[in-house]
Amino acid sequence: MEAFEGAWTPLVLLAGIVLVAFLVREIAPEKRHHVRRAAVLFGLYVAVQAASMVAAQLSTGRAPRVLHVIAQILEAFSVVNLLAISIFDLALPAVKIRVVSITSDLAVGISYAIATIGILGSAGMDLSSMVATSAVVSGIIALSLQATLGNILGGIALHLDGSIHVGDWVQLTNGRQGKVKAIRWRHTVLETRDWDTIVVPNASLLASEIIILGKREGQPVVQHRMSLNFGVDHRFPPQKVIETVNAALRASPFEGIAAEPPPHCLLHDLAKDGRDSFGYYLVRYWLIDIDRDDLANSRVRTRVISALERAGIPLARPETTVFLARDAEIGKERRAAHGVERRLNAIASLELFDRLPTEQQRILADHLRYAPFNAGEVIMRAGEKAEWMYILVSGKVEIRTGASNGDAGRVVATLEGPTFFGEMGLMTGEPRSADVVAATEAETYLLHRTGFELVILPHPEIAQQVSETLARRRVGLLAAREGLDEDAKKVRQASEQERILGRIKEFFGLDLQG
Ligand code: CMP
């Protein structure tokens, strides 16, 4: 009977290993080395067990018994390994419980010790002398391996108190930042944004002050506050600077940046050293994607610069640096680049104005204001009242309808420069009919009603020309909203054109025949 039972054990173990190997290959292939360890132990167990049986046939001394005890220990180790794989590599991950490697290593180690002591005890060995010997040996080892033990205990402490987790972003005392990849027995592995790996001994990690970025106890969200400085001359009212930047920062969400608390701008400091004639502003925002801080920082910077440029607020340059002359030259070049020539080209690029006499084109050009937008920025929202239009010189914008909280709406049309948009508001005084969002970097010029009036009054035929485009765009919007078919669109085109022309005439007080 005993021989019968003994023959079954290796078979059951073998079946267990095969099953676990299959599951690990399917579910957690990165843990294959654990299966290999179990298989090696099982192989050793089978070999030693066979050797003990052969020895039992050949001799009656101590050898068969010793071999049998070793085989039992190996058998127990195989079982412990199989259980550890099933629990730590398969079952716990399946219910989304992540356990770090030290925990499973510790559990396996303690189980080995218990199994060994149990088997040796039941084989009749004197455990008290073994414990005494091992205490002396442990003392000697502990003294010689003090540093290593410090790290190991540090690793265990880090696991037990749960202050650092895999995936956390931490900053070390030397200022370097990294994401925790693994907490091992002796050291903790951090991966930096530069694709480097920092190996920090656990003891020194525990002994020093580290910052866990973007985390607060008991709060599930990760958000790390960032700030960006810029200076603006005191000639520009701080309230206007703050409002301009806040409006741009909040117009549409940034990827990787928290919507709550919203990004905001504040006046941080006044003139420093009594020399600077500008205010120091700060933009605060909260990163939720700490991995990609540079991209988010760059997006915020470009949006701030564009918003200030649109509002005609230049960034301050320190007055006393050697870069002053060079900066002034660069400034001059930039201004020249956006000068009359470019504005005239923008006017002439539109069919709407290309037949106007040069003198009238120049009047329009004099009234243009440069207004760049970054990809993703909301240029206007449906329902807003605004009496200006945009000349899109380069880039693409999307015309969207049906946007509501959190929903960006449906794209009705995509316009690519050179073209214009926002003309409905300018020419009829009606609220904006759709959202317009920059799909790429978009260079635009803003033309206000006061400038446009100077040209449309002596050239009322512009109204007639533009009413067709306006009606076509309006019908496009209606078709998207109401699902009009081709016939219905044609009917609406005629009636809308007439209505719009009437609105333009009324708005500008035009006297048009027909
Ligand atoms: P406005 O109504 O002032 O503001 C939204 C702008 O989107 C509108 O002027 C047009 O310039 C533009 N727009 C609206 N509908 C369309 C469309 N169907 N095709 C192209 N542009 C459109």
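Just above, that's the structure.
Residues numbered from 1 in each chain as written. Predicted model: local features only at pLDDT ≥ 70, side-chain atom pairs only at ≥ 80, totals over all residues. Heavy atoms only, no water.

**A word on helix H12 (residues 358–366)**
Now for step 1: For H12, the full list of buried residues reads Gln360, Gln361, Leu364 and Ala365. The buried residues of H12 all sit within an arc of 145 degrees when viewed along its axis, so they share a single face.
Now for step 2: Elements that come into contact with the buried residues of H12 comprise helix H11 (340–348), strand S9 (368–373), strand S16 (442–448) and helix H14 (449–456). (Buried < 20%, exposed > 50% of the residue type's maximum accessible area, 1.4 Å probe, protein only. Helix = DSSP H or I, 4+ residues; strand = E, 2+ residues; numbered from the N terminus. Arc of directions from axis to C-beta. Contact = heavy atoms within 4.5 Å.)

**Let's talk about the packing of aromatic side chains**
Now for step 1: Within the structure shown, the criterion is met by ten aromatic pairs.
Now for step 2: Arranged with centres 6.1 Å apart and planes meeting at 70 degrees, the rings of Phe373 and Tyr390 form a pair that is edge-to-face. With Phe373 in strand S9 and Tyr390 in strand S11 (residues 388–394), this residue pair connects regions lying 17 residues apart in the sequence. With respect to class, Phe373 is no different from Tyr390; both count as buried.
Now for step 3: Judged by centre distance (5.1 Å) and plane angle (15 degrees), the rings of Tyr390 and Phe421 are stacked. Note that Tyr390 is positioned in strand S11 and Phe421 in strand S14 (residues 419–421), a separation of 31 residues in sequence.
Now for step 4: Judged by its relative accessible area of 5%, Tyr390 falls in the buried class.
Now for step 5: Note on Phe421: relative accessible area 2%, which makes it buried.
Now for step 6: In textbook terms, an aromatic cluster arises when at least three aromatic residues are bridged by ring pairs, as seen for Phe353, Phe452, Phe507 and Phe508.
Now for step 7: When the ring centre of Phe254 is taken as reference, the NZ or CZ atom of Arg303 above it lies at 3.9 Å.
Now for step 8: Sitting over the face of the ring of Phe420, Arg473 holds its NZ or CZ atom 4.9 Å from the ring centroid. (Phe/Tyr/Trp six-rings, centres within 6.5 Å; stacked < 30°, edge-to-face > 60°. Lys NZ or Arg CZ within 6 Å of the ring centre and 35° of its normal.)

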